[in-house]
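Residues per chain, in single letters:
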Amino acid sequence: MAPNRNAPNRNIVRLLKWSVVIVSCKFFIAMLWQYRWYFPPDFDLSPFLAGRRYSFEGWYRAAFYLHLAVGPTSLILGTYLMFHPTRRSLHRRMGKLLTWVVLLGVVPSGLMMSQQAYGGRLAEFGFIVQTVLTGITVAMAAFHAKQKRMRLHRQWAVRCYLLLWSPLLLRMIAGVAIVTDFESELTYQANAWLSWLVPLFVYELVLRRRSVRSRIDQANTQVEPAQNASLIGANRRLAKAITLIELLVVILVIGVLVGLLLPNVRTAREAARRMSCSNNFKQLGLAIHNYHSAYKQLPMQMGGTHAFDRQSMSDRDHNGFRLSYVVGLLPFFEQQDLWNEVVEGDDLAPMGPPPWADDFDPWKTEISSLRCPSDPGNGGLAFARCNYAVCLGDALEHMDHGAFRWDPEDSRWHAVDEDRLAATGRGAFVPRQSLRFREILDGLSNTAFGAEIISDLGDDDARSSPWRSGDSSVLIEQPTWCEDRVDRERPNQWAKTKERSSAVTLPADKRRGFRWADGAALYTGFNTILPPNRETSLASSGIGIDEDGGIGLLPPSSFHHGGTHVLLGDGAVCFITDTIDCGNLTQGTVIYGGEGDREPGSKSSYGVWGALGTRQGAESLEAWDY
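Residues numbered from 1 in each chain as written. Predicted model: local features only at pLDDT ≥ 70, side-chain atom pairs only at ≥ 80, totals over all residues. Heavy atoms only, no water.

Caption draft 1: Local environment of the pairing of strand β2 (residues 404-407). In this sheet, strand β3 (residues 412-415) lies alongside β2 in antiparallel orientation, the contact comprising four bridges. By the bridge assignment, Phe404 is partnered in β3 with Ala415. Counting the residues between successive antiparallel strands, the hairpin from β2 to β3 contains four residues, one of them, Ser411, with a positive phi of roughly 55°. (Pairing = 2+ DSSP bridges. Helix = DSSP H or I, 4+ residues; strand = E, 2+ residues; numbered from the N terminus.)

Quick look at the structure:
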């Protein structure tokens, strides 16, 4: 008997097949192991849920849990049908079950989830095409099975199975990218397409090769000339037809063209968003000038009503002495109706309850002109977000209470010593004190009035989720005290360390930019010590009732590339880069009784950035390029 030359090839194919099965099982088990972070959702430990804390609601939440159920189910059913011989009746029933699971579960949940895919529109488009093709292939497989065309049924079933299997390949490629340090948004976008295009492409090549071999075998058989001629003609007609492999090539070309076009579209959109953000800030600058023209002073940060002998988070008959500058500006930037609601208040508080009261509608009204279009934050645990904060200077002492502080020991408000307040209240805005233009001795064009801040997205961003410290002196003496806690590979994120997991963090509803009506620095204030887009930190206020009202290193931040918008006192808006001169960041801040560079009234130790934040440091910025 002649030796079987195909035996080695079959052994190699068998070896490769089992290797793929083992690797697939490994990734499938790893995928199922991550389910422990989904019930309930853990936004800190789960890689997939990271950054989705405020978008994980409504239809997306329902689609996510539906996909968790139908995804593995369809893959298990498909694997069983592909590799396990069963009776025809059982095969038919399981095939029908798989068809309905895919059409009623995988496809709708996949389409909904793809709209929030990491990697932007290009990855989203890739997942949408994959999901639609999955539905088409399973429908075609069911149609040909019903028509008793078993060869075509098997081909479409294999295509469907490859599409169902592609998420595992996506994870394999992503794992390789992480290990080889090639992980990026671009690689994820390519992965969103190649993880299903390549298997289909290879399968179509195999089918085409088998078809060619079959035609050659038929041509070599002894047939009548007339039959041979008709067979050749049929082959020519088949060759002119559009095959799925050619369709996949067209889809790939379209995907490449879309990939080349989308960056330009995104760049144009971001430029438009940045311009819109600048216009919003200019409107606020104009409102501040109109307010000053009307009342001969700047709007107060941390103003409003208060009780003389009590201060509790549960009080509702006063504002808690913590309203932001925005409240007073409402009538001056086309928010007269909202201002009327605030003035009317409710039954207990004529000017409304404290800004943390969640049953007062004006405090929860989103104002579009207070939002940067590039900030994707929406809803969640925030009241009503704000992306524009006022400048509190380059010192930290007294920034938590300003001109008046609450003393819990004798339950009274006390005025802060004027000399102490003047020593460290160096910005254009001082909490609970009204300033005038004539007190801006450096000149309006040399003094920052406001800057952008991002609102927290629940993704542990170091710019919006402050690191807490129980000792305020640490922040005053060491402005860069927590820079080593930032992830070196992702500079805007806190490092995932044991220290971070055990650190005392603010509640999820008390984050940067969450309340436009709240005058605490965390929500509507910033200082000019650390440069834009650096890490934030917050100390305890010591009052015991407002853990979010302490002093903090709170630089401005934005989702614009490379810097942030800053509003100057003359109403101009300039773009300050992250690399602005910040002087000596190892130097402690100015304090009452300080000496040398920390003496009250001295020039800022923090370079151009610090000088920009002080109102009477005798610095001129005209010759400085910032």
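Caption draft 2: Looking closely at a nonpolar patch on the surface. Judged by side-chain polarity, Leu194, Val198, Val202 and Val206 come together as a nonpolar surface patch covering roughly 290 Å² of accessible area. Position of Val198 relative to the elements: it lies in helix α6 (residues 185-220). (Patch = residues over 30% accessible without salt bridge, like charges linked within 9 Å, V, L, I, M, F, W, Y side chains within 5 Å. Areas by Shrake-Rupley, 256 points an atom, 1.4 Å probe, with all protein chains shown as cover. Salt bridge = Lys/Arg side-chain N within 4 Å of Asp/Glu carboxyl O.)

Caption draft 3: Structural detail: the sheet that holds strand β9 (residues 563-568). Taken in spatial order, the five strands make up an open sheet running β6-β1-β4-β9-β10, and their pairing is mixed. Where the open sheet ends on each side, the last strands, each with one partner, are β6 (525-526) and β10 (573-577). Here two bridges tie strand β1 (residues 388-391) to β6, and the two strands are oriented parallel to one another. Across the sheet, the residue bridging to Cys391 is Phe526, located in β6.

Caption draft 4: Molecular detail of a negative patch on the surface. Residues Asp337, Glu341, Glu344 and Asp361 make up a contiguous surface patch of negative charge. Of note, Glu344 is situated in helix α10 (residues 336-344). Taking the relative accessible area as the measure of exposure, Glu344 reaches 61% and is therefore exposed. (Lys, Arg positive; Asp, Glu negative; His and termini not counted. Charge placed at Lys NZ, Arg CZ, Asp CG, Glu CD. Buried < 20%, exposed > 50% of the residue type's maximum accessible area, 1.4 Å probe, protein only.)

Caption draft 5: Quick look at the nonpolar core. Counting 83 residues, the largest nonpolar core has Phe333, Trp363, Phe449, Trp516 and Val566 as the members making the most contacts within it. Looking at which element gives the most residues to this core, the answer is helix α8 (residues 244-295), with six residues. Not counting residues within four places of it along the chain, the set of residues in contact with Phe333 comprises Leu284, Ala287, Val326, Ile367, Ser369 and Leu370. One finds Met31, Met94, Val107 and Leu168 within the second-largest nonpolar core, a separate group that totals 20 residues. (Core = buried A, V, L, I, M, F, W, Y, C linked by side-chain atoms within 4.5 Å. Contact = heavy atoms within 4.5 Å.)

Caption draft 6: Seen up close, the sheet that holds strand β7 (residues 537-539). An order of β5-β7-β8 is seen for the three strands of this open sheet, with the pairing classed as mixed. At either margin of the open sheet sits one strand with a lone partner, and together these are β5 (467-469) and β8 (552-553). The pairing of β5 with β7 spans three bridges and is parallel. By the bridge assignment, Arg468 is partnered in β7 with Leu538.

Caption draft 7: Structural detail: the packing of aromatic side chains. Enumeration over the complete set of coordinates arrives at 19 aromatic pairs. Between Phe437 and Phe449, the ring centres sit 6.2 Å apart and the planes meet at 40°, which makes this aromatic pair tilted. Here Phe449 lies in strand β4 (residues 448-452) and Phe437 lies in the loop between α11 (418-424) and β4, a separation of twelve residues in the sequence. Joined through ring pairs, the aromatic side chains of Phe321, Phe404, Trp406 and Trp413 make up one cluster. Positioned above the aromatic ring of Trp467, the side-chain terminus of Arg485 is 5.2 Å from the ring centre. (Phe/Tyr/Trp six-rings, centres within 6.5 Å; stacked < 30°, edge-to-face > 60°. Lys NZ or Arg CZ within 6 Å of the ring centre and 35° of its normal.)

Caption draft 8: Region of interest: the environment of Ser312. Looking at where Ser312 falls in the secondary structure, it is placed in the loop between α8 and α9 (325-329). A C-alpha to C-alpha distance of 9.9 Å links Ser312 and Pro354, two positions 42 residues apart in sequence.

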